[in-house]
Amino acid sequence: MNMSYAIIVHGGAWDIPLDEQEGHKVGCLKAARLGYHFMDEGGSALNAVEVAVRSMEEDPVFDAGRGSFLNSEADVEMDAMIMEGKNLDFGSVAAVQSISHPVTLARRIMETSPHCMLVGEGALKFARSICMETVTTAELLTNKEFERWKRIKADRDYQVRRIFEGDPGKLEKRGTVGAVALDRYGLIAAATSTGGTPNKLPGRVGDSPIVGCGAYADNDSAGVSTTGLGESLMKVIPARRVCDSVKNGMTPLDASIETIQYLKRRVNGLGGVIALDHKGHMGYAFNTPHMACASVDVNGKATVFI
Ligand code: ASP
């Protein structure tokens, strides 16, 4: 039995304005502590990442669950995935509506359906078939988000790339969420959840629910969750790249840095990654102005930064 357990979470990598930074830090720290507490009580890494992500899905500060960005038709469509590193089992959901906790739906797909991934109406049907509570778009929507949507619609120059690379004063922003945990039994788990990018086309799916892109977990190497501009991230399969680099001897920190450098060099991409290996070593990297992040390490020490 591996007695070390640890967790790292993120709340998105982009240009987080000063007045939103405290909310991001508080939400990330709360999520990391909740997940750690579960493992402290003997819970699994899978429960820890689910509970951490659920807490950020509930928090309208983040672009996941309640507070998700609206698409071009003012609808909420969410993506999420969860993965465990023993058998490489994962569940994922894409472009799903009317669910408060897409990460839990992803977990139920992994554990109770014969499939790994469900999308759109089919995912919602599955959620209803297992009696998962559904909500209206209005319940997922915050006033702030609707105001933002109206401003985006009125902005002829709007470009989603700018919210990741920095566009001071233009629009307030928020981020995708993710968590990676290692439990005392040696299980690594990772999860990511998002409302995607603002004003995306209906049906658009980003990197977050795609295995190896939005997250990956392998007990032999590491667990990873990513965030950033999905159209760039999904071209380089960054989560799996970090795991492979750790397997080949890199630290999670070096592997994270190398992957973000590759993302930039190869596709001029924007984003961030968090990683945690089977010994509890952590790493992160990002090339956006900020990434909201919190962790509780193997010694129980909590850290938060933007
Ligand atoms: N990667 C997400 C997407 O493109 C957005 C984000 O991480 O902020 O859907």
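Residues numbered from 1 in each chain as written. Predicted model: local features only at pLDDT ≥ 70, side-chain atom pairs only at ≥ 80, totals over all residues. Heavy atoms only, no water.

(A) Quick look at the overall build of the protein. Counting its secondary structure elements, the protein contains 10 helices and 12 strands. Compactness check: the protein gives a C-alpha radius of gyration of 17 Å against a globular reference of 19 Å for 306 residues, within 12% of the reference. Counting only C-alpha atoms, the protein reaches 55 × 45 × 30 Å along its principal axes. Taking all 306 residues of the protein together, the buried fraction comes to 60%. Considering only intrachain contacts with a sequence separation of at least 6, the fraction spanning at least 24 residues in the protein is 69%. Distance from the positive charge centre (33 side chains) to the negative charge centre (38 side chains) of the protein: 3 Å. (Helix = DSSP H or I, 4+ residues; strand = E, 2+ residues; numbered from the N terminus. Rg over C-alpha atoms; globule rule 2.2 N^0.38 Å. Buried < 20%, exposed > 50% of the residue type's maximum accessible area, 1.4 Å probe, protein only. Contact = heavy atoms within 4.5 Å. Lys, Arg positive; Asp, Glu negative; His and termini not counted. Charge placed at Lys NZ, Arg CZ, Asp CG, Glu CD.)

(B) Fine view of the packing of aromatic side chains. Across all of its chains, the model carries four aromatic pairs by this definition. With 5.2 Å between their ring centres and 35 degrees between their planes, Y5 and Y36 make a pair best called tilted. One end of the pair, Y5, is in the segment before β1 (6-14); the other, Y36, is in helix α1 (residues 18-40), and 31 residues separate them in sequence. Look at Y5 and you get buried, because its relative accessible area is 12%. Here Y284 and F286 contribute two aromatic rings whose centre-to-centre distance is 6.5 Å and whose plane-to-plane angle is 20 degrees, an arrangement assigned as stacked. On the accessibility criterion, Y284 (33% relative accessible area) is partly exposed. (Phe/Tyr/Trp six-rings, centres within 6.5 Å; stacked < 30°, edge-to-face > 60°.)

(C) Just the site of the ligand, in detail. Residues in close proximity to the ligand include F164, T176, G196, T197, R204, D207, S208, T227, G228 and G230, which together make up its full environment. Separating an oxygen atom of the ligand from a side-chain N or O atom of R204 is a distance of 2.7 Å. G230 is positioned such that a nitrogen or oxygen atom in its backbone is 2.9 Å from an oxygen atom of the ligand. Starting from 260 Å² of accessible surface for the ligand in isolation, the protein chains cover 100%. Looking at the shell around the ligand residue by residue, the class counts come to one nonpolar, seven polar and two charged. (Near = heavy atom within 4 Å. Polar contact = N/O pair within 3.5 Å; in protein donor to acceptor, adjacent residues only side chain to side chain. Areas by Shrake-Rupley, 256 points an atom, 1.4 Å probe, with all protein chains shown as cover. Nonpolar A, V, L, I, M, F, W, Y, C, P; charged D, E, K, R; others polar.)

(D) Up close: the sheet that holds strand β10 (residues 282-286). Taken in spatial order, the four strands line up as β7-β8-β9-β10 in an open sheet, and their pairing is antiparallel. In the strand order of this sheet, the two ends are held by β7 (215-217) and β10, each with one partner. The mean inter-strand angle of the sheet, taken between neighbouring strand axes irrespective of direction, is 10 degrees. Both β7 and strand β8 (residues 222-228) contribute to a ladder of three bridges, which runs antiparallel. Note that in β8 the partner of A215 across the bridge is S225. Across the sheet, helix α9 (residues 238-247) touches β7, β8 and β9 (271-277), and the angle it forms with β8 is around 145 degrees. The sheet contacts of helix α10 (residues 252-267) involve β9 and β10, and relative to β10 the element is tilted by about 20 degrees. (Pairing = 2+ DSSP bridges. Axes fitted to C-alpha atoms, helices over the stretch in contact; angles between N-to-C directions.)

(E) The arrangement of α1 in detail. The terminal C-alpha atoms of α1, which comprises 23 residues, lie 33 Å apart, in line with the 33 Å expected from a rise of 1.5 Å per residue. By the burial criterion, the buried members of α1 are E20, Q21, H24, G27, C28, L29, A31, A32, G35, Y36 and M39. The first or second residue beyond α1 is G42, which carries a positive phi of 100 degrees. (Expected span 1.5 Å × (residues − 1).)

(F) Region of interest: the sheet that holds strand β2 (residues 78-84). Spatially, β4-β3-β2-β6-β5-β1-β11-β12 is the arrangement adopted by the eight strands of the open sheet, whose pairing is mixed. The strands lining the two open edges of the sheet, one partner per strand, are β4 (117-119) and β12 (302-305). With direction set aside, neighbouring strand axes in the sheet form an average angle of 5 degrees. Along the sheet face, α1 touches β1, β5 (177-182), β11 (290-296) and β12 and points at about 155 degrees away from the line of β1.

(G) Region of the structure containing the environment of S295. By secondary structure assignment, the location of S295 is in strand β11. Under the relative-accessibility criterion, S295 is labelled buried at 10%. Sequence separation between S295 and V267 is 28 residues; the distance between their C-alpha atoms is 29 Å. Residue contacts for S295: discarding those within four places in its chain leaves I7, I8, A32, M282, K301, A302 and T303.

(H) Here's a closer look at the pattern of salt bridges. Scanning the model with the defined rule gives six salt bridges in all. A salt bridge links E231 to R204; its shortest N-O distance comes to 2.8 Å. Taken together, the residues E231 in helix α8 (residues 230-236) and R204 in the loop between β6 (188-194) and β7 connect sequence positions 27 residues apart. On the basis of relative accessibility, which here comes to 36%, the residue E231 falls in the partly exposed class. With relative accessibility at 13%, the residue R204 sits in the buried group. One salt bridge in this structure joins E258 and R241, with 2.7 Å as the shortest N-O distance. Taken together, the positions of E258 in helix α10 and R241 in helix α9 put the pair 17 residues apart, joining distant regions of the chain. (Salt bridge = Lys/Arg side-chain N within 4 Å of Asp/Glu carboxyl O.)

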